[in-house]
Amino acid sequence: MEAILLVGGLGTRMRPLTDNLPKPLLPVAGVPLIEHQIVRAREAGVDHVVLATSFRAAAFTDVVGDGARLGVRVSYAEEDEPLGTGGAIRNAAAKLESAPGDPVLVFNGDIIDGHDIAGQVAWHVSEGADVTLYLTRVDDPRAYGCVPTDEAGRVTAFHEKMPQPVTDQINAGCYVFGRSVIDEIPAGRVVSVERETFPEMLNAGRTLLGHVESVYWRDLGTPDAYVRGSADVVRGLVDAPARPGPAGEFLVSPDADVSPRAVLLGGTSVAPAAIVHEDAEVDGAVVLGGAVIGVGAVVRNSAIGRGAQIGDSAVLDRVVVGDDVKVGAGAIPEVGARLT
């Protein structure tokens with residue numbers, strides 16, 4: 001089976017973490033997010049992945065290469081200009097090798113979840129659907145567009161955000177397309193599958209199914225969600241076969257230098273070449289490569305960029321620190337600050 005992974009976004013909501021690195025390449029529990037997704041797809045039967053790239057496309061080649069290290073073949077489809085979700089899928093179709101009737105998995109490049117991908121594909125095939133969407137249930141669907149389904153699991157509508165949603169089911173960013181359906185998407189222009197392709201297919205009477213599961217799901221589109229998602233993977237709250245170690249309260253790269261007098265907890269991950277000095281407390285944080293946490297510093301629920309330096313006795317809570325930024329000794333940045 002083949003898959004298209006949409007990784008062309010600018011990641012503007014994640015800045016400054018994405019100033020120098022595309023969002024899908026940010027480490028989640030010590031491994032680039034994209035690797036978690038590719039490995040889960042591989043375990044569901046995918047052997048060829050097409051990366052739909054745009055922003056900093058060459059960076060993906062440097063990290064993922066031909067895919068052999070991850071047990072799949074990887075091809076690349078670069079957009080000269082961003083084409084939206086549908087346009088990116090259509091552009092990537094040139095790299096597919098499947099037959100018209102074959103299923104093709106398509107998934108967004110900023111999601112961590114634990115749903116049954118193989119089950120979604122199997123149901124799509126057994127029902128002869130045109131598209132099968134993975135839908136998840138959320139406690140407060142007002143922040144999302146919602147997707148109701150009938151008793152047979154067929155999608156009945158696509159609703160934009162509304163104050164009183166008709167369902168708690170939302171589009172979770174993983175689809176199974178019939179190969180021939182992808183070829184129907186207009187080529188060479190911006191297309192949104194969510195706002196254009198899917199509603200038009202529904203109006204034309206095509207078969208769109210909603211595969212609904214209430215399992216772990218998180219969109220890592222903001223720094224807060226990114227930090228929480230990484231911590232959840234470290235602690236084993238979601239199936240993550242690419243996690244480079246057993247689940248626990250922290251995950252430290254063998255190439256990091258962490259003092260035995262430092263305290264790590266809450267799903268903290270520490271990347272290669274990072275240093276955590278004595279008496280520091282790092283709780284539920286992501287410490288990227290080459291960052292330094294000073295003596296007695298406290299870092300909670302924060303992301304520390306590559307090469308950043310946190311001074312002795314500084315206290316950070318829900319702070320995002322950009323690459324190579326220096327935070328002075330004893331500093332207490334405002335909660336939720338983004339330091340560039």
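Note that the structure is predicted; figures quoted are calculated from it, not measured.

A word on the nonpolar core
Next up, step 1: If you look at the biggest cluster of nonpolar residues, it comprises 53 residues, and the most contacted ones within it are L5, L17, I34, L51, L105 and Y226.
Next up, step 2: Looking at this core, the element that brings in the most residues is helix α1 (residues 33–43), giving five residues.
Next up, step 3: The residues touching I34, leaving out its near neighbours within four places in the chain, are L5, V7, P24, L25, L51, F60 and V64.
Next up, step 4: Core analysis: the next-biggest nonpolar cluster, separate from the first, contains 28 residues, Y175, I182, M201 and L208 among them.

Examining the pattern of salt bridges
Next up, step 1: Here the structure, examined in full by the defined rule, presents 19 salt bridges.
Next up, step 2: For D140, the salt bridge identified is with R142, shortest N-O distance 2.8 Å.
Next up, step 3: The partner of D232 in a salt bridge is R218, and the shortest N-O contact between them spans 3.3 Å. Taken together, the residues D232 in helix α7 (residues 223–235) and R218 in strand β11 (residues 217–219) connect sequence positions 14 residues apart.
Next up, step 4: Residue classification places D232 among the buried positions, given a relative accessible area of 10%.
Next up, step 5: By relative accessible area, which is 23% here, R218 ends up partly exposed.
Next up, step 6: One connected set of salt bridges, linked through shared partners, spans D130, E184 and R206.

Examining the pairing of strand β4 (residues 48–53)
Next up, step 1: With respect to burial, β4 is a largely interior element, six of its six residues being buried.
Next up, step 2: Side chains H48, V50 and A52 project from β4 onto one buried face, and the interleaved V49, L51 and T53 project onto a second face that is buried too.
Next up, step 3: Summarising the sheet, strand β1 (residues 2–6) and β4 pair through five bridges and their orientation is parallel. Its bridge partner lying in β4, E2 is registered against H48.
Next up, step 4: Sheet analysis places β4 next to strand β5 (residues 73–78), joined by six bridges and oriented parallel.

Rules used in this analysis
- Residues numbered from 1 in each chain as written.
- Predicted model: local features only at pLDDT ≥ 70, side-chain atom pairs only at ≥ 80, totals over all residues.
- Heavy atoms only, no water.
- Core = buried A, V, L, I, M, F, W, Y, C linked by side-chain atoms within 4.5 Å.
- Buried < 20%, exposed > 50% of the residue type's maximum accessible area, 1.4 Å probe, protein only.
- Helix = DSSP H or I, 4+ residues; strand = E, 2+ residues; numbered from the N terminus.
- Contact = heavy atoms within 4.5 Å.
- Salt bridge = Lys/Arg side-chain N within 4 Å of Asp/Glu carboxyl O.
- Pairing = 2+ DSSP bridges.

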